[in-house]
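What follows is each chain in one-letter form.
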Amino acid sequence: MAGRNFLFVPGPTNVPDRVTRAMMVAMEDHRSPIFPELTRACLSALKPVFKTTSAVPILFPSSGTGCWEAAMTNCLNAGDKVLASRFGQFSHLWIDMCTRLGFEVEVLETPWGEGAPLDRYLASLSADKQHKIKAVLVCQNETATGVTSDVAAVRQAMNSVKHPALLFADSVSALASIDFRMDEWGVDVCVSGSQKGLMLPAGMGVTCVSQKALEAAKSATSKRCYFDYGDMVTSNATGYFPYTPSLPMLYGLRESLAMIAEEGLENVFHRHTYLASGVRAAVFEGWKLKLCATAPKWHSDTVSAIMVPEGINGAEVIARAFKRYNLALGAGLSKVAGKLFRIGHMGDLNELMLLGAIAGAEMAMLDVGVKIEPGSGVAAAQKYWRNHAAGAKSGSAA
Ligand code: PLP
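A.B. asks: What is the right way to look at the environment of Thr244 in this model?
C.D. replies: Relative to the helices and strands, Thr244 is located in the loop between α8 (229-237) and α9 (247-263). For Thr244, a relative accessible area of 54% gives the class exposed. It is 31 Å that separates the C-alpha atoms of Thr244 and Glu263, two residues lying 19 residues apart in sequence.

Below is the structure:
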């Protein structure tokens, strides 16, 4: 098909040319005397992205899923109880993994479209007088439904009842796009990956571990080997890895972290809010459709999950967009399959790139019979952006 492909799934995201070029390197000896410079550059530049001075960033040759597994198996004893909420496919998959690894999970079932149920976290934690819950899990940004949750408030709930459990946060589709604060929020393990806000190809698990979690890992009895924090931290301290690292990914990460530092992390967050607000204007004011996120407080600045009207199959919108317009939109997963499509607005992008996605979604919707006004989404997004200075703090368009 002539013309470029428009990649607007909520990860993998577009890799900036600058990062691609940085990754085109000849292989090197990963045990050379100069290799530690690269390791240290990556790990130290990650700390401000996690907003930590005391926790330790770790890079695994995996994706985000590997970091979920690492969090569970490094910090917990076999059979430990954990508390988690389920409100989308990714919070579900983490819970599923916990069960398959043999942990006992107290699940807070929550409607898809809502976020972490803070009052119910609090109720479970305060009822747990014997402190059987060893870890509390929360998905900061549920990519399947476009819902952002308040991780800080989960920590407050834990503190208010003086619960000693570890706090694990999934920030796979939030880190480096939506504010995340490891130290301030008292997060013990943050799980993320390379292919979203960090603007890299998939293939690197990016995680960060508090001193408390590292201490727990020293005596935790769950079986692990490849994903052992201790092996990694010991090797990284000398500038090396316990096994062969992906050299291009490390060069790419160094470059993407430099780009984030140049733009300024807070400006990166503001850009995401500003661009997301334009998409929300297209959805609400242009198309008169709904988001899966049921209230403005849940609106995600990295992905919008757009409900299609009754009688329309969201999968047909996605197929039409892909086949006819070379536009990749995100699918509805599991419970919401066919009910929605998703526009990812994460990583390296600007207004004009998003207008392409909005226009393509609009044309695909028209083609499959959604009754919207041609150009209405594009016009609403433009109006929003013209009324709000680029990069300035802006709230939800709803
Ligand atoms: N958690 C969230 C919120 C995600 O969006 C994803 C993937 O999209 C994952 C976890 C799993 O990460 P990965 O696909 O990198 O293993």
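A.B. asks: Please clarify how the sheet that holds strand β2 (residues 56-60) should be interpreted in this entry.
C.D. replies: By definition, the strands of a sheet pair up through backbone hydrogen bonds, in either a parallel or an antiparallel sense. Ordered in space as β2-β10-β9-β8-β5-β3-β4, the seven strands form an open sheet in which the pairing is mixed. Pairing within the sheet leaves two strands with one partner each, and these edge strands are β2 and β4 (104-109). On average, each strand axis in the sheet is inclined to that of its neighbour by 20°, with strand direction left out of account. As paired elements, strand β5 (residues 133-139) and strand β8 (residues 166-170) share five bridges and run parallel to each other.

A.B. asks: Sorry, what's going on with the site of the ligand here?
C.D. replies: Around the ligand sit 13 residues in total, of which Ser63, Thr65, Thr143, Asp170 and Lys196 are the nearest. In the model, an oxygen atom of the ligand is placed 2.5 Å from a nitrogen or oxygen of the Thr65 side chain. Here an oxygen atom of the ligand and a side-chain polar atom of Lys196 are 2.6 Å apart. When the ligand sits alone it has 390 Å² of accessible area, and the protein chains cover 87% of it. With three residues, the top contributor of residues to the shell around the ligand is helix α3 (residues 64-75).

A.B. asks: Explain helix α13 (residues 376-387) to me, please; I cannot follow it from the model alone.
C.D. replies: Along an α-helix, residues three or four positions apart point the same way, because every turn accommodates 3.6 residues. Given a rise of 1.5 Å per residue, 12 residues ought to cover 16 Å, and the 17 Å separating the end C-alpha atoms of α13 matches this to within 8%. Of the surrounding secondary structure, the elements contacted by the buried residues of α13 are α10 (265-286) and α12 (351-367).

A.B. asks: Hey, could you run me through the packing of helix α5 (residues 118-127) against helix α6 (residues 151-160) in this one?
C.D. replies: In the contact formed by α5 and α6, the axes pass within 9 Å of each other and the chain directions differ by 25°. Our classification of the angle between α5 and α6 gives roughly parallel. Here α5 and α6 pass one another in a crossing that is right-handed. Counting all contacts with α5, which are made through Leu118, Tyr121, Leu122 and Leu125, the residues of α6 involved are Ala153, Val154, Ala157, Met158 and Ser160. Among the residues making up the contact of α5 with α6, the classes are represented as eight nonpolar, one polar and no charged.

A.B. asks: I keep staring at the packing of aromatic side chains and nothing clicks. Help me out?
C.D. replies: Two aromatic rings, taken as a pair, are described by how far apart their centres are and by the angle between their planes. For the coordinates displayed, the defined rule picks out eight aromatic pairs. Between Phe60 and Phe227, the aromatic rings sit 5.1 Å apart at their centres with planes inclined by 75°, giving edge-to-face as the arrangement. Within this pair, whereas Phe60 is found in strand β2, its partner Phe227 is found in the loop between α7 (211-219) and α8, the two being separated by 167 residues in sequence. Grouping residues by exposure puts Phe60 and Phe227 together as buried. Measuring from centroid to centroid gives 5.5 Å for Tyr226 and Phe227, while their planes differ by 85°, and the two rings are edge-to-face.

A.B. asks: Explanation requested: the pattern of salt bridges in the structure shown.
C.D. replies: Side chains carrying opposite charge are able to pair once their charged atoms draw close together. Counted under the stated rule, the structure contains 15 salt bridges. With a shortest N-O distance of 3.1 Å, Arg100 and Asp96 are connected by a salt bridge. Pair noted here: Arg100 and Asp96 are both in helix α4 (residues 89-100), with a separation of four residues, about one helical turn. When the shortest N-O distance is used, the salt bridge between Arg155 and Asp188 registers 3.5 Å. Within this pair, whereas Arg155 is found in helix α6, its partner Asp188 is found in the loop between β8 and β9 (189-193), the two being separated by 33 residues in sequence. Beyond isolated ion pairs, a larger network of salt bridges with shared partners links Lys51, Asp179, Arg181, Glu184 and Glu266.

A.B. asks: Please explain the sheet that holds strand β12 (residues 303-307) as it appears in this structure.
C.D. replies: Pairing within the open sheet is mixed, and its five strands lie in the order β1-β13-β14-β12-β11. The open sheet is flanked by β1 (6-8) and β11 (290-291), the only strands paired with a single partner. Here β11 runs beside β12; their pairing, made up of two bridges, is antiparallel. Bridge pairing in β12 places Leu291 opposite Ile306. Here helix α11 (residues 314-325) sits on the sheet and contacts β13 (327-331) and β14 (340-344); the angle it forms with β13, its principal contact strand, is near 160°.

A.B. asks: I tried to follow the packing of α10 against α12 on my own but got confused; where do I start?
C.D. replies: In helix packing, the relevant descriptors are the interaxial angle and the interaxial distance, both defined with respect to the helix axes. Axis separation between α10 and α12 bottoms out at 11 Å; the angle between their running directions is 25°. As the angle between them shows, α10 and α12 are arranged roughly parallel. The two elements α10 and α12 cross, and the hand of that crossing is right-handed. Mapping the contact onto sequence places Tyr274, Leu275, Val279 and Ala282 in α10 and Glu351, Leu354 and Ile358 in α12. Residues that form the contact of α10 with α12 fall into these classes: six nonpolar, no polar and one charged.

Calculation criteria
Residues numbered from 1 in each chain as written. Predicted model: local features only at pLDDT ≥ 70, side-chain atom pairs only at ≥ 80, totals over all residues. Heavy atoms only, no water. Helix = DSSP H or I, 4+ residues; strand = E, 2+ residues; numbered from the N terminus. Buried < 20%, exposed > 50% of the residue type's maximum accessible area, 1.4 Å probe, protein only. Pairing = 2+ DSSP bridges. Axes fitted to C-alpha atoms, helices over the stretch in contact; angles between N-to-C directions. Near = heavy atom within 4 Å. Polar contact = N/O pair within 3.5 Å; in protein donor to acceptor, adjacent residues only side chain to side chain. Areas by Shrake-Rupley, 256 points an atom, 1.4 Å probe, with all protein chains shown as cover. Expected span 1.5 Å × (residues − 1). Contact = heavy atoms within 4.5 Å. Parallel < 35°, antiparallel > 145°, perpendicular 65-115°, else oblique. Left-handed = near helix turned anticlockwise from the far one by under 90°. Nonpolar A, V, L, I, M, F, W, Y, C, P; charged D, E, K, R; others polar. Phe/Tyr/Trp six-rings, centres within 6.5 Å; stacked < 30°, edge-to-face > 60°. Salt bridge = Lys/Arg side-chain N within 4 Å of Asp/Glu carboxyl O.

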